[in-house]
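# Structure at a glance
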Amino acid sequence: MTTTATELRFHREVYSGEAIDQAVKTWSNFAEFELSESDQHWIVKLTPKHEPAAARIIGEFGNYVLGLTVDRGGVQ
Amino acid sequence: MSEQSPISDIPEALVSAALTERSVSITLDAELYPLQAVYGASYVFLDRCYVFLDRPEPGRLRATLSAKQAVEEPEALRQLVGEFANELLSCAWRHQVTQDNRVAIETVTVQAIAGAMGEPSLDDLADFDFTDEALDDPLGIAQSWEEKHGRKTPAEAEGERGEEEASA
Amino acid sequence: MRPINLVEIQPRSGTQAFFRWRQIGEDTILVTNLEGNWLILTRDEFTQFARGEVPPDSPFHQRLIDKNFLRSHYDVQAAAERVKARKYFVHGGPLLHVMVVTLRCNETCVYCHASRANMDAVETDMSPETARKAVDLALSSTNGFVTIEFQGGEPLVNFPVVKEIIEYATERNKEIGKRLEFTMVSNFSLLDEDKLRYLMEHKVQLCTSIDGPEELHNAQRKLPQTHNAFQAAAKWIKRVNEAYVEMGLDSTLYHVEALMTTTKATLDQYKQVVDTYVGLGCKTIFLRPIDPFGFAERARLRLEYPRSKYLEFYRNAVDYMIELNKQGVEILERYAAIFLTKILRGEDPNFLDNRSPAGAGIGQLAYSYDGNVYTCDEGRMLAASQDDTFLLGTVDTPYRQIVGHETVRAMTIATNLDQQPDCVNCAYNPYCGTNAAYNYKAQGSIFGRMRDNNVCAVHKGIQDYLFEKLAENDPQVMKIFDRWTTIRPREHFVQEPDA
């Protein structure tokens, strides 16, 4: 059962686009993703697949992207 | 989003902090706290909080920390501000100490470590593509003078003279 | 514990050589430097150090110089020597070669991470031909020391191939000249006097598993109903130890060691576990937490526990062992011994899962019964669930292609703590290590995320405990710790090639 979509806007000067791509792949079992971009942001629309865990999926996904960005040494 | 309450007595150099029921947002002066320090501090909280970073305007960074567990006391979130400030300062300090000692760190490491693969075999050398560019060479040290300045090598100049004479 | 408040302290860089710090008590701050020297500071001392206000003629100033914590007096040569000593293992290739000679096992352990197979699954036996090729690959290592470790399933089930490996390796080594050793991890229930005689003659080090007192052990490690797994292991521990004495070997040095796996059921029984080991004549306990591979994943609701509970168990168990040591009982904890060797002696005991970079691919290789070669045994276990991420090749793949594989390079980078965001700042960096296969299994990438990584939590917790003890500086405890770090080589097990 899917839930409503949540939009996360990751600032390009703070988050790595590659980190987002990798995170989307890893989390694809837990949510549906739509990716787009603006001048300033990577935009991720995510729809968690499990209603009871929706908030957790969104939060952990955001943390995962931050973790991967830091692993890469930040935004180059 | 619910109404934000400002927090008084925030540590110096944090621009502002505000809290909602479950989260606290901290706005920082990006000059005082470089992004690397913010990354480092944010990373420390990943197990306890959902951490989101943003750049609301040039020269500012904003970190929003949302508690993972249900928050019983608003005081717990206020405490997070102090902890985060402490961690920021720690990361900024560490960053500076590392910069100060960078040459020593690299010297010690290079002197101490060598590789584990052993010498290449004749087969490895036979397979190696020596035409590949082996080095990054930002100062052009490996370039000949002619390559750097667009001039011909003596051999190239000799060859051209030979062609001119042949066609004359 | 009142946390150190840097906003109050207002640190200034400029006087400190590179260092890391960690508060481990109310008035106890640990500082460590690049080469692994350490000091315990009070709050006041830490404040002075942080501000660069240490009086130049003070004993504290001299302590900082002696241990290389001041930029103005930094001894690069001394630091390089110490780092080199700690990292000596990068100069040699794989030392440990785990040969899984069969998946068949007569015991069913609730947490089995080896993906054991039933006793009729003969297709999971390694063939003699594959075994010989595995030996050839192992002896190609650039390391002058090679240890072949027999694992399974239960390795005694495929004893003919165990013998083939021992004899072929011994023969080949006559021309190659490694310092060759054999070890076997076995449940002992299939031992008999003939097998024992062979293993003794060929100097195979024997290791078994004991999970604790009999009831606990048998509940977790099941033999067919007519057999008692604990009694079988205990009987043969005693018999093997007797055999060493019969051979004229020093029993304080030569005796069977056992491994345990901590499950939820173990957590309340620290005293009983330690007493069981002491009663069996073991001198070492390795209080290993459960890992997420194999059966343990399926049974995790029953077996798993928060790592804080494990650490509480650990502290209780080691405190108890220390008390026993004070009464003259020889028993040490393996994790503690590994960390203390690094902390107190500046040496690395080369425990492959606890070093930076880790041993996967560069310090060890795992050879599956079917001839596939993996970075480590955990990598082989993952392959049993159709995940070949850590497959490097087969026994027919040339050695340099195996160790030069991009997966090995990736794992070496991933387990180098100096590129991990958390580890790069952690005071325990010089003494610690991470496990790429564990990170991959538990957290989705070989790099992992130390913030919520169970291996990191265990390592930090154990080192917190040890440094608290070191800060207390009790002379009796220091003497015990010194004994725990004294490595007496067991030369009897080295197969020297004939001259």
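Residues numbered from 1 in each chain as written. Chains lettered and ligands numbered in written order. Predicted model: local features only at pLDDT ≥ 70, side-chain atom pairs only at ≥ 80, totals over all residues.

## Brief notes about the overall build of chain B
Within chain B, the secondary structure is distributed over six helices and five strands. Ordered by position from the N terminus, the helices and strands of chain B form the series β-β-β-α-β-β-α-α-α-α-α. Across the 168 residues in chain B, those meeting the buried criterion constitute 27%. Taking the intrachain contacts of chain B between residues at least 6 apart in sequence as the baseline, contacts between residues at least 24 apart amount to 48%. (Helix = DSSP H or I, 4+ residues; strand = E, 2+ residues; numbered from the N terminus. Buried ≥ 20, exposed ≤ 12 C-beta atoms within 10 Å, placed from the backbone. Contact = placed C-beta atoms within 7 Å.)

## Focus on the sheet that holds strand E2 (residues 28–33) of chain C
Residues and elements named next belong to chain C. Spatial strand order, E1-E2-E3: three strands in an open sheet with antiparallel pairing. If you trace the sheet from one side to the other, it starts and ends with strand E1 (19–25) and strand E3 (38–41), each paired once. Pairwise comparison of adjacent strand axes, ignoring direction, gives a mean angle of 25° for this sheet. Taken strand by strand, helix H19 (residues 454–472) contacts E1, E2 and E3, and its axis lies near 80° from that of E1. (Pairing = 2+ DSSP bridges. Axes fitted to C-alpha atoms, helices over the stretch in contact; angles between N-to-C directions.)

## Side note on the nonpolar core
Most often, soluble globular proteins have nonpolar side chains that are buried together. Residues Val65(A), Val38(B), Val51(B), Phe84(B), Leu88(B) and Ala336(C) are the most contacted members of the largest nonpolar core, which totals 188 residues. Counting residues per element, this core draws most heavily on helix H2 (residues 74–100) of chain B, at eleven residues. Ignoring any residue separated from it by four or fewer positions in sequence, one finds Leu88(B) in contact with Tyr33(B), Ala37(B), Val38(B) and Ala41(B). (Core = buried A, V, L, I, M, F, W, Y, C linked by C-beta atoms within 7 Å.)

## A closer look at the interface of chain C and chain A
How big an interface is tends to be stated in terms of accessible area lost as the parts join. Each partner contributes to the interface: chain C provides four residues, whereas chain A provides four residues. Its residues placed into classes, the side of chain C that touches chain A shows two nonpolar, one polar and one charged. (Nonpolar A, V, L, I, M, F, W, Y, C, P; charged D, E, K, R; others polar.)

## Overview of the interface of chain B and chain C
Taken together, the 30 residues of chain B in the interface contact 33 residues of chain C. Sorting the residues of the side of chain B that touches chain C by element identifies helix H1 (35–44), H2 and helix H3 (102–112) of chain B as the ones contributing at least two each. Broken down by element, the side of chain B that touches chain C gets its largest block of residues, ten residues, from H2(B). For the side of chain B that touches chain C, a count of residues per class yields 15 nonpolar, eleven polar and four charged.

## Some points on the confidence of the model for chain B
Residues and elements named next belong to chain B. Predicted confidence across chain B gives a mean pLDDT of 74, with 57% of residues reaching 70 or more. Ranking the elements of chain B by mean pLDDT puts helix H5 (residues 145–149) last with 53 and strand E4 (residues 49–54) first with 94. Across the assembled chains, the prediction reports ipTM 0.92 with pTM 0.85. (pLDDT = per-residue confidence, 0-100.)

## Remarks on the environment of Arg94(B)
Relative to the assigned elements, Arg94(B) resides in helix H2. Counting along the chain gives 54 residues from Arg94(B) to Gly40(B), while the straight-line C-alpha distance between them is 9.8 Å.

## Concerning the sheet that holds strand E2 (residues 31–37) of chain A
Residues and elements named next belong to chain A. With respect to topology, three strands assemble into an open sheet ordered E1-E3-E2, the strand pairing being antiparallel. Bordering the open sheet on either side are strand E1 (6–11) and E2, each of which pairs with just one other strand. Strand-to-strand twist in this sheet, taken as the mean axis angle between neighbours without regard to direction, amounts to 25°. In terms of strand pairing, E2 meets strand E3 (residues 41–48) through seven bridges, oriented antiparallel. Considered in E3, the bridge of Phe33 is made with Leu46. Along the sheet, helix H1 (residues 17–26) makes contact with E1, E2 and E3, crossing E3 at roughly 15°. Here helix H2 (residues 54–71) sits on the sheet in contact with E1, E2 and E3, set at roughly 150° to E3.

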